[in-house]
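Chain by chain, the residues run as shown.
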Amino acid sequence: MTTPDDRRYTESHEWIKLDGELLTLGLTQVAVDELTDITYVEMKTAGETVGPGDSIGEVESVKAASDVYSPLGGKIFEVNAQLADDPSLLNTDPYGEGWLIKIKVADSSGFDDLLDASAYQSLQG
Amino acid sequence: MTATETTLHKTPMHEWHVAAGAKMVDFAGWSMPLLYDSIIEEHKNVRTNVGMFDVSHMGRFRFEGADAGALLDRCCSRRVDNTPIGAARYGIVCNEQGGALDDVLIYRIADEEFFAVVNASNREKLFDHFNAVGANDRCTIKDETFDTAMVALQGPKAMELISNFSSQVPALKRFRFTMVDVFGAQVMVSRTGYTGEDGVEAILPASLATSAAELLSAMPGADMIKPAGLGARDTLRLESAMPLYGHELGEEIPAFAVGMPFAFTLGDDERKPFIGDVALREQKANGTPRKLVGLNIEGRRAARQGMTVTSNGAEVGVITSGCLSPTLDRSIAMAYIDAALCEEGTPFEVETGRATLNATAQALPFYKSS
């Protein structure tokens with residue numbers, strides 16, 4: 001499986017892209033493979049503020065339920081409304097159409113401490 | 001590969017699963033396919049076409065001798081010593097307290113020859129149990145799990161497909177079986193399954209499993225067969241309200257509470273005493289404190305095993321299994337609920353630890369094939 005190198009990763013299997021102060025976050029292929037078919041996504045709503053490391057919502061699959069965390073804090077700008085109708089987008093395109101949330105970050109200085117693609121991939125063994 | 005993976009049992013079809021891209025998981029000490037691509041798509045294919053399941057992890061025992069029928073009858077909630085040759089019966093192997101050691105399918109092959117299929121997680125326990133109850137010179141018990149494979153073909157088009165190469169199998173009634181010659185070997189084919197669809201389960205020599213799978217995929221109409229993993233097997237059996245040991249059945253759960261009266265032969269005067277009979281008759285006569293109930297849950301979140309069911313704030317039950325039903329596209333669950341509250345339509349709440357879900361009791365099963 002390929003891990004896109006245009007973004008950063010967490011050990012808890014989120015990916016994070018930063019465009020100026022706007023962060024986009026989703027789940028990695030490893031995460032969706034582990035969860036199996038995603039059946040339900042519930043993110044916090046736009047306008048809410050989250051701190052670094054906070055849960056920003058949860059996803060459920062046929063097999064399990066799991067919290068999703070953002071390593072950076074800020075104000076939620078947008079959630080992916082398409083996932084309410086079609087949560088399977090997370091399975092079919094986790095790095096693209098299956099993105100979860102966009103956050104206007106308060107402080108992006110932690111971004112560079114996150115794993116890059118090769119560091120994340122090497123953690124998967 | 002980690003050390004634990006190397007010690008897992010592999011079914012004769014293991015390489016076939018890996019080649020088909022399955023996600024393999026540890027299930028009861030076996031490396032088994034959880035899914036090949038999508039649990040939901042595999043589930044739907046079983047409801048519309050034909051799914052093929054490797055269920056070789058299930059335990060398979062052969063009982064031979066003059067006392068084979070008596071031994072099995074002593075161990076089973078359902079009378080089995082009068083099973084006709086060529087028929088299979090579903091029953092529950094109980095302890096003296098009327099709890100389940102396992103649920104089993106018992107086939108009668110000949111007057112003095114029976115066969116049992118048991119859950120993988122209980123294979124060793126049941127083998128010891130059957131031996132402790134009465135293996136002797138007049139009944140030998142052989143564990144054939146590792147010499148054989150077991151494959152299920154399930155779905156509304158399964159029998160039509162099988163009719164392409166057998167006239168004998170489609171003529172079987174439900175819960176009947178026959179021996180079929182495949183490549184010169186004897187294969188036991190029964191019209192049984194664990195999905196709520198029509199179909200068959202076949203027990204064949206381990207060495208034949210992969211070639212049989214390849215033969216199947218080369219037949220006319222084979223494009224409608226897709227492999228299905230344990231993930232789909234679980235959601236299919238849940239829609240059809242078939243119990244699963246460790247969820248709806250267990251040593252501490254009164255077996256009669258599961259609500260399948262056909263699985264208990266309690267009023268037959270000709271039947272000899274059997275293990276758990278006193279406790280089961282008491283469960284039937286006085287009712288059990290809780291009963292298995294279907295729950296229809298609002299929204300798209302699933303209830304999971306162990307979650308608490310409440311009514312007006314008071315704990316009244318516990319979830320045994322739950323999922324977002326792929327066929328019905330809504331959240332369904334089974335739960336043991338206080339017997340006084342089991343009426344259809346009764347409202348409950350399910351506490352997930354993340355949210356409180358509204359639920360109403362509904363009759364089982366959730367799904368019945370047409």
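Report follows, based on the coordinates. (Residues numbered from 1 in each chain as written. Chains lettered and ligands numbered in written order. Predicted model: local features only at pLDDT ≥ 70, side-chain atom pairs only at ≥ 80, totals over all residues. Heavy atoms only, no water.)

Digging into the pairing of strand β19 (residues 347-351) of chain B
Residues and elements named next belong to chain B. Rule in force here: Think of it in three bands: with a 1.4 Å probe and only protein chains considered, a residue is buried below 20% of the maximum accessible area for its type, exposed above 50%, and partly exposed in between. Going along the chain from the N terminus, every DSSP run of H or I of four or more residues is numbered as a helix, and every run of E of two or more is numbered as a strand. Pairing between strands requires that DSSP locate at least two bridges from one strand to the other.
Across the two faces of β19 the burial differs, with Phe-348 and Val-350 buried and Pro-347, Glu-349 and Glu-351 not buried at all. The sheet contact formed by strand β16 (residues 308-311) and β19 spans three bridges and is antiparallel. Looking at the pairing, Thr-310 lines up with Glu-349 of β19. Inspection of the sheet shows β19 paired to strand β20 (residues 356-362) by five bridges, in the antiparallel sense. Following the sheet pairing, Phe-348 is matched in β20 by Ala-359. Between the antiparallel neighbours β19 and β20 lie four residues, among them Gly-353 with a positive phi of about 90°.

Thoughts on the pattern of salt bridges
Residues and elements named next belong to chain B. Counted only if it meets this: For this analysis, a salt bridge means a side-chain nitrogen from Lys or Arg found within 4 Å of a carboxyl oxygen belonging to Asp or Glu.
Inspection of every chain in the model, using the stated rule, returns 27 salt bridges over all chains. Two residues, Glu-239 and Arg-47, come together in a salt bridge whose shortest N-O distance is 2.9 Å. Of this pair, Glu-239 sits in helix α8 (residues 230-239) while Arg-47 sits in helix α3 (residues 39-48), placing them 192 residues apart in sequence. Residue Glu-239 is classed as buried on the basis of its relative accessible area of 0%. Residues Glu-144 and Arg-62 are paired through a salt bridge, measuring 2.7 Å at the closest nitrogen-oxygen approach. Separated by 82 residues along the polypeptide, Glu-144 in the loop between β9 (140-143) and β10 (148-154) and Arg-62 in strand β5 (residues 59-64) bring together distant segments of the chain.

Considering the sheet that holds strand β8 (residues 113-118) of chain B
Residue and element names in this part refer to chain B. What counts here: Axis lines are fitted through C-alpha atoms, for helices just across the contact stretch, and the angle between N-to-C directions can take any value from 0 to 180 degrees.
Spatially, the five strands line up as an open sheet ordered β6-β7-β8-β5-β9, and their pairing is antiparallel. Strands with a single pairing partner mark the edges of an open sheet, and in this sheet they are β6 (88-94) and β9. When the angles between neighbouring strand axes are averaged without regard to direction, this sheet yields 25°. The sheet contact formed by β5 and β9 spans four bridges and is antiparallel. Along β9, the bridge assignment pairs Phe-63 with Ile-141.

Regarding the packing of helix α4 (residues 68-75) of chain B against helix α5 (residues 123-134) of chain B
Pairs of packed helices are described in terms of their axes, by the angle between the two and the distance that separates them. Residue and element names in this part refer to chain B. Quick note on the threshold: For classification purposes, an angle smaller than 35 degrees is called roughly parallel, one larger than 145 roughly antiparallel, one from 65 to 115 roughly perpendicular, and anything else oblique. A clockwise turn of the near helix away from the far one marks a right-handed crossing, whereas an anticlockwise turn of less than a right angle marks a left-handed crossing. For this analysis, residues touch if any pair of their heavy atoms sits within 4.5 Å.
Close contact between α4 and α5 brings their axes to 10 Å; oriented N to C, the two are set at 115°. Between α4 and α5, the angle is such that the two are roughly perpendicular. Pair α4 / α5 crosses with right-handed handedness. Across the interface between the two elements, Leu-71, Leu-72, Arg-74 and Cys-75 from α4 touch His-129, Phe-130, Val-133 and Gly-134 from α5.

Topic: the nonpolar core
All names here are of chain B. Which entries qualify depends on this criterion: Residues belong to one nonpolar core when they are buried, are Ala, Val, Leu, Ile, Met, Phe, Trp, Tyr or Cys, and are joined through side-chain atoms within 4.5 Å.
Of all hydrophobic cores here, the largest spans 46 residues; its most connected members are Ile-92, Tyr-107 and Phe-264. In terms of residue count, the dominant contributor to this core is β6 (four residues). For Ile-92, the residues in contact, after removing those within four places along its chain, are Cys-75, Cys-76, Ser-77, Ala-100, Asp-102, Asp-103, Leu-249, Ala-255, Val-258 and Phe-264. Membership of the second largest hydrophobic core comes to 31 residues, among which are Tyr-36, Val-50, Ala-212 and Met-219.

What to know about the pairing of β6(B)
Residues and elements named next belong to chain B. Counting buried positions over the seven residues of β6 gives seven, a clear majority of the element. Burial along β6 is two-sided: Ala-88, Tyr-90, Ile-92 and Cys-94 facing one way and Arg-89, Gly-91 and Val-93 facing the other are all buried. Where β6 lies against strand β7 (residues 100-110), seven bridges are found, and the strand directions are antiparallel. Counted as the bridge partner of Ile-92 is Asp-103 from β7.

Points about the interface of chain A and chain B
What counts is decided by this rule: Distance and chemistry together define a polar contact, namely a pair of N or O atoms within 3.5 Å, with one atom able to donate a hydrogen and the other to accept it when in protein, and with adjacent residues in sequence counting only for side-chain atoms on both sides. Only Asp, Glu, Lys and Arg are considered charged, only Ala, Val, Leu, Ile, Met, Phe, Trp, Tyr, Cys and Pro nonpolar, and every remaining residue, Gly among them, polar.
Counting residues at the interface gives 16 residues for chain A, matched by 15 residues for chain B. The salt bridge partner of A:Asp67 is B:Arg354, with a shortest N-O separation of 3.1 Å. Viewed at the interface, chain B and chain A are joined by 12 residue pairs in polar contact (both at pLDDT 80 or more). Of all the secondary-structure elements, those providing two or more residues to the side of chain A that touches chain B are α1 (29-35), β4 (38-43), β6 (55-61) and β7 (65-69) of chain A. Residue classes in the side of chain A that touches chain B are distributed as four nonpolar, four polar and eight charged.

Focus: the packing of aromatic side chains
Under the convention used in this document: The rule is short: rings of Phe, Tyr and Trp, with Trp giving its six-membered ring, pair when the centres are within 6.5 Å, and they are stacked under 30 degrees, edge-to-face over 60, tilted in between. Criterion for a charge above a ring: Lys NZ or Arg CZ within 6 Å of the ring centre, and within 35 degrees of the ring normal.
Per the stated rule, a full pass over the model turns up nine aromatic pairs over all chains. On the basis of an interplanar angle of 10° and a centroid distance of 5.4 Å, the ring pair of B:Trp30 and B:Phe146 is categorised as stacked. Of the two residues, B:Trp30 is situated in strand β3 (residues 30-35) and B:Phe146 in the loop between β9 and β10; the sequence distance between them amounts to 116 residues. Centroid distance B:Tyr107 to B:Phe177: 5.3 Å. Interplanar angle 70°. Geometry classified as edge-to-face. Remark: B:Phe177 occurs in strand β11 (residues 177-182) and B:Tyr107 occurs in strand β7; sequence separation between them is 70 residues. Take B:Tyr107 and B:Phe177: they sit in the same class, and that class is buried. In textbook terms, an aromatic cluster arises when at least three aromatic residues are bridged by ring pairs, as seen for B:Phe61, B:Phe63, B:Phe127 and B:Phe130. Between A:Arg7 and the ring centre of A:Trp15, over which it is positioned, the NZ or CZ distance is 4.4 Å. One residue, B:Arg271, lies across the ring of B:Phe274, its end atom 3.7 Å from the ring centre.

Some details on the sheet that holds β6(A)
Residues and elements named next belong to chain A. Spatial strand order, β4-β6-β7: three strands in an open sheet with antiparallel pairing. Only two strands of the sheet have a single neighbouring strand rather than two, namely β4 and β7. Going across the sheet, the axis of each strand differs from the next one's by a mean of 20°, ignoring polarity.

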